[in-house]
Amino acid sequence: MKTKKPALPPPTKDGVSGDNKHAIHWFPGHMKKAKEEIEKNLRKVDLILEVRDARAPLVTANLDLAKTFGSKKRLIILNKANLNDPRSTQLWKAWFLAHKERVLFIEDYQPKTLKRLVREVKEITAGPREGLLKKGINPPPIRMMVLGIPNVGKSTLINRLCRHKKANTGDKPGLTKNQAWAVIDKGLELLDTPGVMPPRVQSEKEGRVLCAIHAIRDEIIGKQKVANFVLEKLIKNPTPEFTQRYGAVTSDKSPQQFAEEIGETMNLVKKGGEISPEKVFERVLADFRNGRLGKISLEDPPDVE
Ligand SMILES: Nc1nc2c(ncn2[C@@H]2O[C@H](COP(=O)(O)OP(=O)(O)OP(=O)(O)O)[C@@H](O)[C@H]2O)c(=O)[nH]1
Ligand SMILES: [Mg+2]
């Protein structure tokens, strides 16, 4: 006899159904709409620039969206490499090379890296365009769609490529609401798109990474869990910036104990002078997201783990 699969609890406003502790099912309505728009516009572009966060190159991929790419060519951009531990970036470069995937790490939007991006785009799209030139037809501009999960820096990248502010940016998931074309010189056009998360986050561990980089809102995982996750990493491998900001820490200290100390050091107190855990979590997350705790990797290549 067939048993009927139990229905998921109704999603909350964020689309989190919370049916089990490990996977986070969610798909807010606006992301579903954005995904449909992306699928509709895919045929209009020559190339996909898939932007991910260099601190977590696989966790920040949207494999669900990637299924719709078909044979469309893509270039993976690993953004915010300036916030990643350089040793991790080297490991990931080797990993992508071994997996024959074309990637470009972007650190501080250096002009030479942006020029390299344009060069790679031209190389990838050269074939069909040469065909047109041979027939005496002037090829149309190269059109690219910039895709990725929220807050990975899609709009910032577009602004840097255009050398002026075209798209709204900000450390907040879901800032870009609509698709918009931007023109870079020399026959290149870019389509900015709203960040889209896959409908399901695989595990709470991934959820913590995604929340730490602010691809999903703090409320989805909870500030305490995410701040503790960041602290745990830094207690194990303290960066000079972390020690300078919060003081030295011994590896036997738990994130909770250290959070108390941070509260004292930084005078993060409630009315009445008691340490405010909420303020400590907020401070840790803000410091991490602003790069004030140094260069920190959030994911190792699978073969290395
Ligand atoms: N430190 C650092 N911050 C960056 C970098 N690139 C982008 N940011 C910041 O990251 C935040 C998100 O950037 P956006 O360009 O708005 O990201 P997005 O992918 O367009 O986000 P959505 O539109 O929400 O999907 C902003 O606060 C940027 O200033 C970088 O290379 N380094
Ligand atoms: Mg944006």
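Residues numbered from 1 in each chain as written. Chains lettered and ligands numbered in written order. Predicted model: local features only at pLDDT ≥ 70, side-chain atom pairs only at ≥ 80, totals over all residues. Heavy atoms only, no water.

K.L.:
Teacher, can you tell me more about the site of ligand 1 here?
P.N.:
Y109, K154, T156, L175 and T176 are the nearest of the 20 residues found near ligand 1. Within the side chain of Y109, a nitrogen or oxygen atom sits 2.5 Å from a nitrogen atom of ligand 1. Contact between ligand 1 and N151: an oxygen atom at 3.0 Å from a main-chain N or O atom of the residue. Across the complex, the protein chains shield 85% of the 660 Å² of accessible surface that ligand 1 would expose by itself. (Near = heavy atom within 4 Å. Polar contact = N/O pair within 3.5 Å; in protein donor to acceptor, adjacent residues only side chain to side chain. Areas by Shrake-Rupley, 256 points an atom, 1.4 Å probe, with all protein chains shown as cover.)

K.L.:
Before we go on, may I ask you to explain the pairing of strand β7 (residues 188-192) in this structure?
P.N.:
Residues in a regular strand project their side chains so that they alternate between the two faces of the sheet. For β7, a buried count of 5 out of 5 residues is recorded, marking the element as mostly surrounded by other parts of the structure. On β7, burial covers both faces: L188, L190 and D192 on one face and E189 and L191 on the other are all buried. Pairing of strand β6 (residues 180-184) with β7 involves 5 bridges; the strand directions are antiparallel. Across the sheet, A182 pairs through a bridge with L190, a residue of β7. Linking β6 back to β7 in an antiparallel pair, the connection comprises 3 residues, with K186 at a positive phi of about 55 degrees. (Buried < 20%, exposed > 50% of the residue type's maximum accessible area, 1.4 Å probe, protein only. Helix = DSSP H or I, 4+ residues; strand = E, 2+ residues; numbered from the N terminus. Pairing = 2+ DSSP bridges.)

K.L.:
How should I be thinking about the sheet that holds strand β4 (residues 103-105) in this particular structure?
P.N.:
Whether parallel or antiparallel, the strands of a sheet pair through hydrogen bonds between backbone atoms. Reading across the sheet, the 6 strands line up as β4-β3-β2-β5-β7-β6 and stay open at both edges, with mixed pairing between neighbours. Strand pairing shows two members of the sheet lacking a second neighbour, β4 and β6, which therefore form its edges. Taking the axes of each pair of neighbouring strands and ignoring which way they run, one obtains an average angle of 25 degrees across the sheet. Contacting β2 (47-53), β3 (73-79) and β4, helix α3 (residues 86-98) crosses the sheet at an angle of about 170 degrees to β4. Contacts from helix α6 (residues 154-162) reach β2, β3, β5 (142-147), β6 and β7 within the one sheet, and its direction differs from that of β7 by about 155 degrees. (Axes fitted to C-alpha atoms, helices over the stretch in contact; angles between N-to-C directions. Contact = heavy atoms within 4.5 Å.)

K.L.:
Teacher, can you tell me more about the coordination of the magnesium ion (ligand 2) here?
P.N.:
When a metal holds four donors in a tetrahedron, each ideal angle between them is 109.5 degrees; when it holds six in an octahedron, the ideal angles are 90 or 180 degrees. Around the magnesium ion (ligand 2), the donor atoms from the protein are S155 (OG) and T176 (OG1), and they sit 1.9 to 2.2 Å away. Here the residue S155 occupies a position in helix α6, and T176 occupies one in the loop between α6 and β6, the gap between them amounting to 21 residues. Each of the two residues, S155 as well as T176, counts as buried. (Donors = N, O, S within 2.8 Å, 3.2 Å for Na, K, Ca; no water.)

K.L.:
What's the story with the side chain of H214 in this structure? I'm lost.
P.N.:
Looking at the secondary structure, you find H214 in the loop between α7 (204-212) and α8 (218-221). Sequence-distant contacts of H214, defined by excluding residues within four places in its chain, comprise N151, D171, P173 and R289.

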